[in-house]
Amino acid sequence: MIATTTTFASSPLFLIAVLLHIALVLYNSTPLLSTTAAALSVDYYSTPCPSAETTVKIAVRQGLAADPTLAAALLRLHFHDCFIQGCDASVLIDSTEENTAEKESPLNKSLRGYELVDAVKLVLEEACPGVVSCADILAMAARDAVFFAGGPGYEIAKGRKDGRRSRIEDAVKLPQPGFNVSDLLTLFGRHGFSTRDLVALAGGHTLGVARCSSFKNRLAHFDAAHQVDPSMNSHFAGTLTQICRLGDGTPVPFGYSPVTFDNDYFVLLQMGKGLLFSDQELLSGSQTTTGEIVNAYAASEAMFFVDFQQAMVKMGLLDVKGDDEGEVRLNCRRVN
């Protein structure tokens, strides 16, 4: 949804500004690549496994038709994979007697979508044995989930290899619900993301839900001076308090429609209705720049979509593994 409540947001000058921004982003959209990332290509599977893209798209479309909430699950699964030790499908690996894997971390316990990735892998191993990596399947599935949920379509380079390490302690590299805006900027900056990238990627929370356990600290005994987080809309806080009496695991949608990819997340931040502290901090925190970007995305869904797709392409290139560092797993849940 595009907010049209302000005069400037609906003026020709604003529309021109949006178009100029989109043109500038597209002109400068090629990210700085590592040597390994530079070896990736959009048509990587065109010869060795031409059915790869279509297989993933069909699986995601069918999966979302049966369960629309899978869009958020697949996007989150990809994000959590990339932010721990690069986009290498380490988040898919199961624990063993000798090793406790990433997916066992409290930050990863609610991840879903593993079965869809498994199903795609099974089909592709039949069609093209040992060719398509689990990391690429996950990246393509997240991309297609965003598109089928109503978001932007975009191409991604492929050729990632699967990592051989997955340890629970590595999950500390993930952003936390209680991070303030400075924490977020520092963490995302370490990965080479700009402030605009950070806010755009946070917009992925337009899909899905948060559990009461991740924001209940904002509803009572927030700090020495406030019972409730003052950045939260008071009526919204009262509603959440009632809902969360059902228990810490109670799901609450981030936006008006948790299965539709749009810019409502940013509109809700303007209203003081961000669920996580880290979400609302983008507007209410100490950094005015993030707040300006939130307001821009709330006014223009088109601007958000363009920046989101560019940030996703950039994220998909994080610390990708080459032949010397990784492999193509035959089963996404365990190393070869």
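Here the structure is a predicted model, which means the values were calculated and not measured.

Basis of the calculations
Residues numbered from 1 in each chain as written. Predicted model: local features only at pLDDT ≥ 70, side-chain atom pairs only at ≥ 80, totals over all residues. Heavy atoms only, no water. Disulfide = S-S within 2.5 Å. Helix = DSSP H or I, 4+ residues; strand = E, 2+ residues; numbered from the N terminus. Buried < 20%, exposed > 50% of the residue type's maximum accessible area, 1.4 Å probe, protein only. Core = buried A, V, L, I, M, F, W, Y, C linked by side-chain atoms within 4.5 Å. Contact = heavy atoms within 4.5 Å. 1 Å grid on protein atoms, 1.4 Å probe; cavity = no way out; pocket = protein on both sides within 12 Å on 5 of 7 lines; lining within 4 Å. Points joined across faces, edges and corners; volume = space filled by probe spheres on them. Phe/Tyr/Trp six-rings, centres within 6.5 Å; stacked < 30°, edge-to-face > 60°. Lys NZ or Arg CZ within 6 Å of the ring centre and 35° of its normal. Axes fitted to C-alpha atoms, helices over the stretch in contact; angles between N-to-C directions. Parallel < 35°, antiparallel > 145°, perpendicular 65-115°, else oblique. Left-handed = near helix turned anticlockwise from the far one by under 90°.

Student: How should the state of the cysteines be read in this particular structure?
Tutor: Enumeration over the complete set of coordinates arrives at four disulfides. Each disulfide pairs two cysteine sulfurs, and for Cys134 the partner residue is Cys332, the sulfurs being separated by 2.1 Å. Negative torsions about the S-S bond denote left-handed disulfides, and the value of about -95° found for Cys134 with Cys332 makes this one left-handed. Pair noted here: Cys134 is in helix 6 (residues 134–148) and Cys332 is in the segment after helix 13 (301–315), with a separation of 198 residues, a long-range link. Given a relative accessible area of 1%, Cys332 falls into the buried group.

Student: Got a minute to help me understand the nonpolar core in this structure?
Tutor: Most often, soluble globular proteins have nonpolar side chains that are buried together. Among the nonpolar cores identified, the biggest contains 74 residues, and Phe83, Leu92, Phe188, Phe261, Phe266 and Met315 are the most heavily contacted of them. When residues of this core are assigned to their parent elements, the largest contribution, 11 residues, is made by helix 4 (residues 70–85). Residues contacting Leu92, with those up to four places away along its chain left out, are Leu77, Lys103, Tyr114, Val117, Cys134, Leu138, Arg329, Cys332 and Arg333. Core analysis: the second largest hydrophobic core is formed by 13 residues, Phe215, Leu219, Leu240 and Val252 among them.

Student: Which parts of the structure should I look at to understand empty space enclosed by the protein?
Tutor: Over the atoms a probe the size of a water molecule is rolled, and this reveals where empty space is left. Tallying each qualifying case throughout the model produces two cavities of 30 Å³ or more. Of the voids in this model, the largest cavity is the one considered here, and its volume is about 50 Å³. Along the walls of the largest cavity sit His78, Ala139, Ala142, Arg143, Tyr154, Ile156, Arg160, Met312, Val313 and Gly316, which together make up its complete lining. Of all the secondary structure elements, the ones that give two or more residues to the lining of the largest cavity are helix 6 and helix 13.

Student: Just checking my understanding: could you explain the packing of aromatic side chains for this structure?
Tutor: In this description, an aromatic ring pair is defined by two values, namely the gap between the centres and the angle between the planes. Tallying each qualifying case throughout the model produces 17 aromatic pairs. Taken together through their ring pairs, the aromatic side chains of Phe261, Tyr265, Phe266, Tyr297, Phe304, Phe305 and Phe308 make up a single cluster. Note that Lys103 overlies the ring of Tyr114, its terminal NZ or CZ placed 4.1 Å from the centroid.

Student: Help me understand the packing of helix 4 against helix 6 in this model?
Tutor: Helix packing geometry: the angle between the two helix axes and the distance between the axes. Axis separation between helix 4 and helix 6 bottoms out at 8 Å; the angle between their running directions is 140°. Taken as axis vectors, helix 4 and helix 6 run oblique relative to one another. The way helix 4 lies across helix 6 gives a crossing that is left-handed. Residues Ala71, Leu74, Leu75, Leu77, His78 and Asp81 of helix 4 lie in contact with helix 6, whose contacting residues are Leu138, Ala139, Ala141, Ala142, Ala145 and Val146.

Student: Please explain helix 11 (residues 277–284) as it appears in this structure.
Tutor: Since one α-helical turn is 3.6 residues long, residues separated by three or four positions face the same way. Within helix 11, six of the eight residues are buried, which leaves it mostly tucked inside the rest of the structure. Here helix 11 has its buried residues at Phe277, Ser278, Asp279, Gln280, Glu281 and Leu282.

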